Amino acid sequence: MVPDPDSRYVTTRVIADSGGPFVRTILVNVGTSDNVQKGQAAISAEGLIGRVVSVGVRSARILLLTDLNSRIPVVVETTREKAILAGNNTLYPKLEFVGSDIGINVGDHIVTSGEGGVFPSGLPVGLVTSVDDESSFVQIHANLDRLEFVTILDYILPGLLPDTIRAGRIGTLK
């Protein structure tokens with residue numbers, strides 16, 4: 001991805017993970033003191049891993065794409081067909097709201113759609129690993145069990161907020 005000149009980000013270390021079977025989150029060592037906010041996208045070198053769901057002064061919790069509560073708007077890269085990537089507490093989240101006549105194939109690349117303005121479009125997410133009549137599953141590019149560093153993006157859909165408000169929001173993110 002070529003960074004948007006208006007995008008700001010902060011790279012941080014993963015300091016803990018939930019390790020539980022029902023909640024798939026990680027804790028990072030940046031927070032409101034670094035102008036991290038709820039809803040921001042979290043990526044690794046391989047692609048999108050989740051979004052910030054809670055923030056303290058010096059730490060933030062990131063909900064991973066595989067968590068049962070995760071829902072991300074995505075597209076099939078080649079066909080541009082929209083879907084929702086829904087976590088299911090397994091290593092292979094499911095594509096939902098895909099039309100029955102849509103030709104999704106094993107090996108198709110899945111990227112963020114940019115719908116809703118939360119994530120920039122085109123962030124790599126994963127590959128379709130299985131397809132049947134009722135569902136398609138995606139293998140996330142990032143190895144979520146071995147995360148050490150993540151980058152938190154402060155992305156605002158261009159034109160959504162005036163520059164004066166945006167400048168106040170991003171503060172020290174670089």
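Calculation criteria
Residues numbered from 1 in each chain as written. Predicted model: local features only at pLDDT ≥ 70, side-chain atom pairs only at ≥ 80, totals over all residues. Heavy atoms only, no water. Helix = DSSP H or I, 4+ residues; strand = E, 2+ residues; numbered from the N terminus. Contact = heavy atoms within 4.5 Å. Areas by Shrake-Rupley, 256 points an atom, 1.4 Å probe, with all protein chains shown as cover. Buried < 20%, exposed > 50% of the residue type's maximum accessible area, 1.4 Å probe, protein only. Pairing = 2+ DSSP bridges. Axes fitted to C-alpha atoms, helices over the stretch in contact; angles between N-to-C directions. Lys, Arg positive; Asp, Glu negative; His and termini not counted. Salt bridge = Lys/Arg side-chain N within 4 Å of Asp/Glu carboxyl O. Polar contact = N/O pair within 3.5 Å; in protein donor to acceptor, adjacent residues only side chain to side chain. pLDDT = per-residue confidence, 0-100.

Draft legend 1. View of the overall build of the chain. Across its full length, the chain carries 1 helix and 12 strands. Walking the chain from its N terminus toward its C terminus, one meets helices and strands in the order β-β-β-β-β-β-β-β-β-β-β-β-α. Relative to all contacts within the chain whose residues are 6 or more apart in sequence, the contacts with residues 24 or more apart total 54%. Carbon and sulfur atoms provide 52% of the accessible area of the chain, an area that totals close to 9300 Å².

Draft legend 2. The arrangement of the environment of Val106 in detail. Along the polypeptide, Val106 turns up in the loop between strand S8 (94–96) and strand S9 (109–112). With relative accessibility at 57%, the residue Val106 sits in the exposed group. With 23 residues separating them in the primary sequence, Val106 and Thr129 have C-alpha atoms 5.2 Å apart. With residues near it in sequence (within four places) discarded, Val106 still touches Val128, Thr129, Ser130 and Val131.

Draft legend 3. Main features of the environment of Ser70. Note that Ser70 resides in the loop between strand S5 (60–64) and strand S6 (71–76). Among the residues examined, Ser70 registers a relative accessible area of 2% and is labelled buried. Placed 20 residues apart in sequence, Ser70 and Gly50 show a C-alpha to C-alpha distance of 7.9 Å. Apart from the residues within four sequence positions on either side, Ser70 is in contact with Leu63, Leu64, Leu65, Leu85, Ala86 and Gly87.

Draft legend 4. Inspection of the pairing of strand S7 (residues 82–86) at higher detail. Both S6 and S7 contribute to a ladder of 5 bridges, which runs antiparallel. Its bridge partner being in S7, Val74 is matched across the sheet by Ala83. Pairing of S7 with S8, which is carried by 3 bridges, proceeds in the antiparallel orientation. Bridging across to S8, Leu85 finds its partner in Leu95.

Draft legend 5. Spatial organisation of the sheet that holds strand S12 (residues 149–154). Taken in spatial order, the 6 strands close into a barrel running S1-S2-S5-S4-S3-S12, and their pairing is antiparallel. Mean inter-strand twist for the sheet, computed between neighbouring axes without regard to direction, equals 45 degrees.

Draft legend 6. Fine view of the side chain of Asp67. Of note, Asp67 is situated in the loop between S5 and S6. The buried charged residue Asp67 lacks any salt bridge, with Arg24 as its nearest oppositely charged partner at 6.1 Å. A distance of 2.7 Å separates a polar side-chain atom of Asp67 from the backbone nitrogen of Arg24.

Draft legend 7. Looking closely at the pairing of strand S10 (residues 124–131). Judged from the 3 bridges that link them, S9 and S10 form a sheet pairing that is antiparallel. Bridge pairing in S10 links Val111 to Pro124. The pairing of S10 with strand S11 (residues 136–140) spans 5 bridges and is classified as antiparallel. Paired with Val128 across the two strands is Val138, which belongs to S11. Linking two consecutive strands that pair antiparallel, namely S10 and S11, is a turn of 4 residues.

Draft legend 8. Main features of the sheet that holds S7. Overall, antiparallel pairing links the 6 strands, which are arranged S6-S7-S8-S11-S10-S9 in a closed barrel. Each strand of the sheet is rotated relative to its neighbour by a mean of 45 degrees, with strand direction disregarded.

Draft legend 9. A look at the confidence of the model for the chain. Looking at the chain as a whole, its pLDDT mean stands at 84, while 80% of the residues score no less than 70. Across the chain, the element-wise mean pLDDT spans from 47 in helix H1 (residues 163–170) up to 96 in S9. Taken together, the stretch residues 161–168 has pLDDT below 50 and engages in 6 contacts with residues farther than four places along the chain or on a different chain. Ignoring residues within four places in sequence, the model shows residues 170–174, a span with pLDDT below 50, making 16 contacts including any to other chains.

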